[in-house]
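The chain contents come next:
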Amino acid sequence: MYTNPRVVEFIDSHFVPVRAHVKENHDEFQRLGAKYDAQWTPTALVLDSDGQERHRVEGFLPADDFLSQLALGAAKAAFSAGDFARAERLFDEVQQKHPQSDAAPEAQYWSGVSRYKATNDPSALGATYQKFQQRYKDSSWAKKASVWGK
Amino acid sequence: MRRMETTISTLLGQYENGAITRRELIRSLALLAFAGPAAAQSAAAPAAAGPAAAPAPRKNLRRDNKN
């Protein structure tokens, strides 16, 4: 399904890939689509080992943006699992590898939250607010972090 | 789901052989991709039925993810 080598490599190294095609795998598409409320193709879901959805990408994205979303999904899964140190590292990787992507400001926000969750140190949130003064200050995530600067 | 079962079997085999740790096994994530016809094929096609699609075809053009 995916032809970009970087996308293929990332999926192979991070996920168990499952494909449900609307025509070629119609029964599975119906069953899984109903379970996960898939309304459109392409839709890509990052599921944790319990089958819980942790991230959703609806619609086509260019390879770089799709990669950033997959990386964001992996980070969110680590966060949901309570592995906050790993989540922080993965969120930081999203920012480092895909700094111009839509995923980057969201990753910056959740990186700060992950550090706070791991340490219970509120200064992690203040530091994240400061980062948003430098990068992504026009993003919706900067607005969400604005409360941490008070 | 044969492909997923095969992959899970592979992962379990790697765990049993010591190639991956239990932590790595549990950490395994799935990427579930719902796909449709390729863009070139679907450009003129009506939007297909997702499981909860309305009876009337949607008018948006649908593209597959070509990454």
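Here the structure is shown first, and the text comes after it.
Everything quoted here is computed from the prediction, not taken from an experiment.

Q: How should the overall build of chain A be read in this particular structure?
A: Scanning chain A from terminus to terminus reveals seven helices and three strands. Sequence-ordered secondary structure for chain A, helices as α and strands as β, is α-β-α-β-β-α-α-α-α-α. Each of the three principal axes of chain A carries a C-alpha extent, and together these read 55 × 30 × 25 Å. Looking at chain A residue by residue over its 150 residues, the buried ones come to 43%. Counting contacts in chain A only where the partners sit at least 6 residues apart, residues at least 24 apart contribute 40% of the total.

Q: How do you make sense of the overall build of chain B when you look at a structure like this?
A: Along chain B, the regular secondary structure elements total three helices and one strand. For chain B, the N- to C-terminal ordering of α and β elements is α-α-β-α. Taken across its 67 residues, chain B has 19% of its residues classed as buried.

Q: What is the right way to read helix α3 (residues 63–80) of chain A from this model?
A: Along an α-helix, a turn takes 3.6 residues, which lines up residues three or four apart on a common side. The terminal C-alpha atoms of α3(A) lie 25 Å apart, and with 18 residues this matches the ideal 26 Å at 1.5 Å per residue to within 8%. Backbone geometry just downstream of α3(A) places Gly82(A) in the positive-phi region, at approximately 85°.

Q: Looking at this structure, I do not really get the nonpolar core. What am I missing?
A: For soluble globular proteins, the rule of thumb is that nonpolar side chains tend to be buried together. Formed by 50 residues in total, the largest nonpolar core has its most connected members in Ala74(A), Ala75(A), Val94(A) and Leu31(B). Elements with a minimum of two residues in this core: α1 (5–14), β1 (15–21), β2 (43–47), α3, α4 (84–97), α5 (103–119) and α7 (140–145) of chain A together with β1 (29–35) of chain B. If we skip the residues at most four places from it in the chain, Leu31(B) touches Ile11(A), Phe15(A), Pro17(A), Val18(A), Ala44(A) and Val46(A).

Q: When you look at the pairing of β1(B) in this model, what are you seeing that I'm missing?
A: For a regular strand, side-chain orientation follows a simple rule: the groups alternate between the two sheet faces. In terms of residue burial, β1(B) counts as a mostly covered element, since seven of its seven residues are buried. Side chains of β1(B) alternate between two faces, with Leu29(B), Leu31(B), Ala33(B) and Ala35(B) and Ala30(B), Leu32(B) and Phe34(B) buried alike. Pairing between β1(A) and β1(B): seven bridges, direction parallel. Paired with His21(A) across the bridge in β1(B) is Ala35(B). Across five bridges, the pairing between β2(A) and β1(B) is antiparallel. Bridge assignment links Val46(A) to a residue of β1(B), and that residue is Leu31(B).

Q: How should I be thinking about unusual backbone geometry in this particular structure?
A: Note on backbone geometry: most residues besides glycine have negative phi, and most peptide bonds are trans. Residue and element names in this part refer to chain A. The omega torsion across Thr41 and Pro42 is -5°, close enough to zero to call that bond cis. Secondary-structure assignment places Pro42 in the loop between α2 (26–36) and β2. The residue Asp37 is not glycine, and still its phi comes out positive at about 55°. Its 13 C-beta neighbours within 10 Å are what place Asp37 among the partly exposed residues.

Q: I would appreciate a short explanation of the sheet that holds β2(A) in the present structure.
A: Whenever strands of a sheet pair, they do so through backbone hydrogen bonds, lying parallel or antiparallel. Pairing in this open sheet of four strands is mixed, and the strands run β1(A)-β1(B)-β2(A)-β3(A) from one edge to the other. Whereas interior strands pair on both sides, the edge strands pair on one side only; in this sheet they are β1 and β3 (53–58) of chain A. Averaged over all neighbouring strand pairs, the angle between strand axes comes to 15°, with direction disregarded. Alignment of β2(A) against β3(A), held across five bridges, turns out to be antiparallel. Looking at the pairing, Ala44(A) lines up with Val57(A) of β3(A). In the packing of α2(A) onto the sheet, the strands contacted are β1, β2 and β3 of chain A together with β1 of chain B, and the crossing angle to β1(A) comes to about 115°. Sitting on the sheet, α3(A) touches β2 and β3 of chain A together with β1 of chain B, and the angle it makes with β3(A) is about 165°.

Q: What am I meant to see in the environment of Leu125(A) here?
A: Residue and element names in this part refer to chain A. If you trace the backbone, Leu125 turns up in helix α6 (residues 123–134). Given 18 C-beta atoms within a 10 Å radius, Leu125 is considered partly exposed. When the C-alpha positions of Leu125 and Gly112 are compared, they lie 5.6 Å apart, and in sequence the two are 13 residues distant. Those residues within four positions of Leu125 in sequence are excluded, and the remaining contacts are Gly112, Tyr116 and Trp148.

What counts, and at which threshold
- Residues numbered from 1 in each chain as written.
- Chains lettered and ligands numbered in written order.
- Predicted model: local features only at pLDDT ≥ 70, side-chain atom pairs only at ≥ 80, totals over all residues.
- Helix = DSSP H or I, 4+ residues; strand = E, 2+ residues; numbered from the N terminus.
- Buried ≥ 20, exposed ≤ 12 C-beta atoms within 10 Å, placed from the backbone.
- Contact = placed C-beta atoms within 7 Å.
- Expected span 1.5 Å × (residues − 1).
- Core = buried A, V, L, I, M, F, W, Y, C linked by C-beta atoms within 7 Å.
- Pairing = 2+ DSSP bridges.
- Axes fitted to C-alpha atoms, helices over the stretch in contact; angles between N-to-C directions.

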